[in-house]
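# Coordinate analysis (summary)
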Amino acid sequence: MAKLAVSCTLFIFFINTLFQSASAAYNVINFGAKPDGKSDATQAFLRAWSSACYSNSPATLHVPRGLFLVKSISFNGPCRHRIVFQIDGTIIAPSSYWSLGNSGFWILFYKVNRLGIHGGTIDATGAGYWACRKSGKSCPPPTRSISFVGASNIVVSGLTSINSRFFHIAIDECVNIMLRKLKINAPSWSPNTDGIHIQSSSGITISNSAIMTGDDCISVGPGTKNLWIERIACGPGHGISIGSLGAYAAEDGVKNVTVTDSIFTGTQNGVRIKTWARPSNGFARNIRFRNIIMTKVFNPIIIDQNYCPDNHCPHQSSGVTISGVTYRNIKGTSATPVAVNFGCSSSKPCTGIKLQVIRLTYFNKAATAYCKNARGSSSGVVVPGSCLG
Ligand SMILES: *[C@@H]1O[C@H](CO)[C@@H](O)[C@H](O)[C@H]1NC(C)=O
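Residues numbered from 1 in each chain as written. Predicted model: local features only at pLDDT ≥ 70, side-chain atom pairs only at ≥ 80, totals over all residues. Heavy atoms only, no water.

Going by an unreviewed UniProt entry, the chain carries the name Polygalacturonase and comes from Citrus x changshan-huyou. You can read under Subcellular location (unreviewed entry) in the UniProt record for the chain the words "Secreted, Cell wall". (UniProt positions renumbered as here; feature names shortened; annotations may be inferred.)

This model, assessed by the stated rule, comprises three salt bridges. Lys71 is the salt-bridge partner of Asp40, the closest N and O atoms lying 3.7 Å from each other. Placement of Asp40 in strand E2 (residues 36–40) and of Lys71 in the loop between strand E4 (67–69) and strand E5 (73–76) is noted, with a sequence separation of 31 residues between them. Judged by relative accessible area, which is 43%, Asp40 ranks as partly exposed. Asp216 is the partner of Arg272 in a salt bridge, and the nearest nitrogen-oxygen pair spans 3.0 Å. One end of the pair, Arg272, is in strand E23 (residues 269–275); the other, Asp216, is in the loop between strand E18 (202–212) and strand E19 (218–220), with 56 residues separating them in the sequence. Here Asp216 falls in the buried class, since its relative accessible area comes to 1%. Through salt bridges that share partners, Asp216, Arg272 and Lys274 make up one connected network. (Salt bridge = Lys/Arg side-chain N within 4 Å of Asp/Glu carboxyl O. Helix = DSSP H or I, 4+ residues; strand = E, 2+ residues; numbered from the N terminus. Buried < 20%, exposed > 50% of the residue type's maximum accessible area, 1.4 Å probe, protein only.)

It is worth spelling out the sheet that holds E23 at this point. Pairing in this open sheet of eleven strands is parallel, and the strands run E5-E8-E11-E14-E17-E19-E21-E23-E25-E27-E30 from one edge to the other. Sheet topology places E5 and strand E30 (368–372) at the edges, where each strand pairs with a single neighbour. Geometrically, the sheet is characterised by an average inter-axis angle of 15° between neighbouring strands, direction not taken into account. The strands that helix H2 (residues 42–53) touches are E5 and strand E8 (105–110); relative to E5, the one it contacts most, it runs at about 5°. (Pairing = 2+ DSSP bridges. Axes fitted to C-alpha atoms, helices over the stretch in contact; angles between N-to-C directions. Contact = heavy atoms within 4.5 Å.)

Moving on: the environment of Gln356. With respect to the helices, strands and loops of the structure, Gln356 is situated in strand E28 (residues 350–362). Spatially, the C-alpha atoms of Gln356 and Ser379 are 4.9 Å apart, while their sequence positions differ by 23 residues. Leave out the neighbours within four places in its chain, and Gln356 touches Thr326, Tyr327, Arg328, Asn329 and Ser379.

Here you go:
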């Protein structure tokens, strides 16, 4: 009996060892990276990636504790097997405003399939770049901190991204990406430092994340469908925005977006849909905003089809068709008297807008609702009262 138990244990031990050794580990230190924050680790990271990518088995690429200086870098796929990017340290960009060149990206994952990125901090050292932008000098093109382009089946969890020069995380032409437990942080005055930007992508989920930034916490561009956003703490920032849409005459639409169980604190907007006032075949439909708490938000609920930042206004009528937008269980305080603002297009009025259980006040006073070319219905207690036609 005892003999059998021992051989059983040995057998399980053997099986475990087999599976462990079936996963290869690549530590960037072994490829020449130094955790001193000064030596350029870009080539070492690329060599480690290349080994992991061509590995005969699932691979772990390990960035241990320490500070790793990395310039613009492109991790290209597809790879032979699944890769886990385990980051225990901090990846930092050289601080000068021109250090990331003209490519528009800092860390790019291009056509990568089956990747997990876990933990870690990335610091794009944006201060110099923001100062350049504010000074009116000519600056290099804006650089996204992490970009996924043409990627699929990706999980990013527990990552902290700070001080981006432009979008912190950008997702373009991707399928099936899950972002969770992220911390994103840039000062409220830093220009265009959106937390997460998505476009031309499907099956994206963002959850359990805290986003504090100088622009949209999450922005949803043309060609996004089947997007799920849950448990986000947004603020400071410009809120969660669908748009800007309608920049082009021919443009993909946005459909099936859910934003749920989230809080907005001191943001410029809460849940927003914005379009340029010019002809376009774009659309936004089947959108749900629900279970949301607003605290001192300047425009808690807003559709703006005459989006006009810095007075760059086309002054036409937006061709973007907005339909099927539900707002359910949205409560809290507005920092301006108009808590609900539907400014829709005169040529393409908004239709199928639903307000279900809304309670928004202007601090302790009554707030108001404004409607232009907006059609829909309300049910349950809706305060301020609905103005939908
Ligand atoms: C809408 O998107 C969700 C994921 O966010 C997905 O589960 C659902 O199937 C989609 N619905 C349709 C009709 O495509």
